[in-house]
Amino acid sequence: MPSDQLPIVAIIGATGTGKSELSLDLAETLARDGVPSEIVNADAMQLYRGMDIGTAKLDPAERRSIPHHLLDVLEPSQEASVAAYQRKARAAIDGIRARGAVPILVGGSGLYVSSVLYDYDFPGTDPAVRERLERDLDEQGPGLLHRRLLEVDPDSAREIGASNGRRLVRALEVIELTGKPFRTGQPGSESLWRPAVTIGLELERAQLTERLDRRVERMWSAGLVDEVAALRTAGFGLTAARAIGYAQALAQLDGTASEADAIAEAAALTRRYARRQVSWFRRYPDTHWLDALAPDRVGTAAAILRI
């Protein structure tokens, strides 16, 4: 197939549904058919170097010699930007396609996935406005920003929710700079940037909840608190410090939360985040949804591609 016809294969779904494993299995299946592929990360927190346990990042030995892109490209002290990610991910994908390989985009950060798949641009930023809104967030909490957003852009306020401080700051910044409603990047209304096939993994809520709770417990058992303690020496930026699991581990280290309370809060936030992911990805048109636990999911995914 000519390189300009090779599709992006996007593997999406809530955290804990096995997206990374499917991407590796699918890449190996394609390779056996003579079709090379490379994986592009679309998990915002896996961009951060050293944030491994709390993001369930595959270590190099687990990547089965399959090339991976956009892992470990930022320090935790740096701020992730979806606009910067879009540029880098699209450059990586164009490079993969030029090599005659299939790009497999894998991750659960909805806006990051959408920024690659769909054809739209992001408004600019203003450091002074951003600093003022970040200060309001730190001093008064996300609830105040959410109420402000409800007054000027209720649709975006309902979509973002009352707890996502960073997205609330960005929405209010864009509205102030452009005088227009914030564009949340919801999928479905934009045209595709490149040909794409989207494969979604899903689980019944009870099954997913059980997996997520166990996942959080395993992170603490695997040494998340020690990982956070080591990273804190160099400093966390706002984004990294607020990541689910990392914020709770920091509270435990600071003595403001017990281990049990930290784990319970991280588990509750993970469940809430997964519900938002499901809602976001359900809007993707033409998605092929697979049971995340189906034994034939790899073969089904490969058949869908028909490359």
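Shown above is the structure to which this text applies.
Student: It is not clear to me how the overall build of the protein chain should be interpreted in this structure. Could you clarify?
Tutor: The helix and strand inventory of the protein chain stands at 13 helices and 6 strands. If one aligns the C-alpha atoms of the protein chain with their principal axes, the spans along those axes are about 55 × 45 × 35 Å. Buried positions account for 51% of the 307 residues belonging to the protein chain. Of the contacts formed within the protein chain by residues at least 6 apart in sequence, a portion of 77% connects residues at least 24 apart.

Student: So what exactly am I meant to see when it comes to the pattern of salt bridges here?
Tutor: Proximity of charged atoms lets side chains of opposite charge pair with each other. The final tally for this structure, using the stated rule, is 22 salt bridges. Taking the shortest distance from any N to any O, the salt bridge between Asp 25 and Arg 64 comes out at 2.6 Å. Taken together, the residues span a long stretch of sequence, with Asp 25 in helix 1 (residues 19-32) and Arg 64 in the loop between strand 2 (37-41) and strand 3 (68-69) at a distance of 39 residues. One salt bridge connects Glu 79 with Arg 166, and the closest N-O pair in it is separated by 4.0 Å. A residue pair is termed long-range when its members are at least 10 positions apart, and Glu 79 in the loop between strand 3 and helix 2 (82-98) and Arg 166 in helix 7 (residues 165-178) qualify at 87 residues. Glu 79 sits in the partly exposed class, given a relative accessible area of 37%. Under the relative-accessibility criterion, Arg 166 is labelled partly exposed at 27%. Within this structure, Asp 25, Glu 28 and Arg 64 form a network of salt bridges that share partners.

Student: It is not clear to me how the packing of helix 9 (residues 224-232) against helix 11 (residues 246-254) should be interpreted in this structure. Could you clarify?
Tutor: When two helices pack together, their arrangement is given by the angle between the helix axes and by the axis-to-axis distance. Where helix 9 contacts helix 11, the axes come no closer than 9 Å and their chain directions differ by 80°. Comparing their axes, helix 11 and helix 9 come out roughly perpendicular. Listed contacts from helix 11 to Leu 224, Val 225, Glu 227, Val 228, Ala 229, Leu 231 and Arg 232 of helix 9 are Tyr 246, Ala 249, Leu 250, Gln 252, Leu 253 and Asp 254. Split into classes, the residues belonging to the contact of helix 9 with helix 11 amount to 9 nonpolar, 1 polar and 3 charged.

Student: When you look at helix 8 (residues 205-221) in this model, what are you seeing that I'm missing?
Tutor: Residues that lie three or four places apart on an α-helix share one face, since the helix turns once every 3.6 residues. For helix 8, which comprises 17 residues, the first-to-last C-alpha distance of 24 Å matches the rise-based estimate of 24 Å (1.5 Å per residue) to within 8%. Leu 208, Leu 212, Asp 213, Arg 215, Val 216, Met 219 and Trp 220 are the residues of helix 8 that are buried. Angular distribution of buried residues about the axis of helix 8 spans 155°; they occupy a single face of the element. Facing away from the buried surface of helix 8 by more than 90 degrees, the exposed residues are Ala 206, Arg 218 and Ser 221. Next to the buried residues of helix 8 lie helix 9, helix 11 and helix 12 (259-281). The first or second residue beyond helix 8 is Gly 223, which carries a positive phi of 105°.

Criteria and thresholds
Residues numbered from 1 in each chain as written. Predicted model: local features only at pLDDT ≥ 70, side-chain atom pairs only at ≥ 80, totals over all residues. Heavy atoms only, no water. Helix = DSSP H or I, 4+ residues; strand = E, 2+ residues; numbered from the N terminus. Buried < 20%, exposed > 50% of the residue type's maximum accessible area, 1.4 Å probe, protein only. Contact = heavy atoms within 4.5 Å. Salt bridge = Lys/Arg side-chain N within 4 Å of Asp/Glu carboxyl O. Axes fitted to C-alpha atoms, helices over the stretch in contact; angles between N-to-C directions. Parallel < 35°, antiparallel > 145°, perpendicular 65-115°, else oblique. Nonpolar A, V, L, I, M, F, W, Y, C, P; charged D, E, K, R; others polar. Expected span 1.5 Å × (residues − 1). Arc of directions from axis to C-beta.

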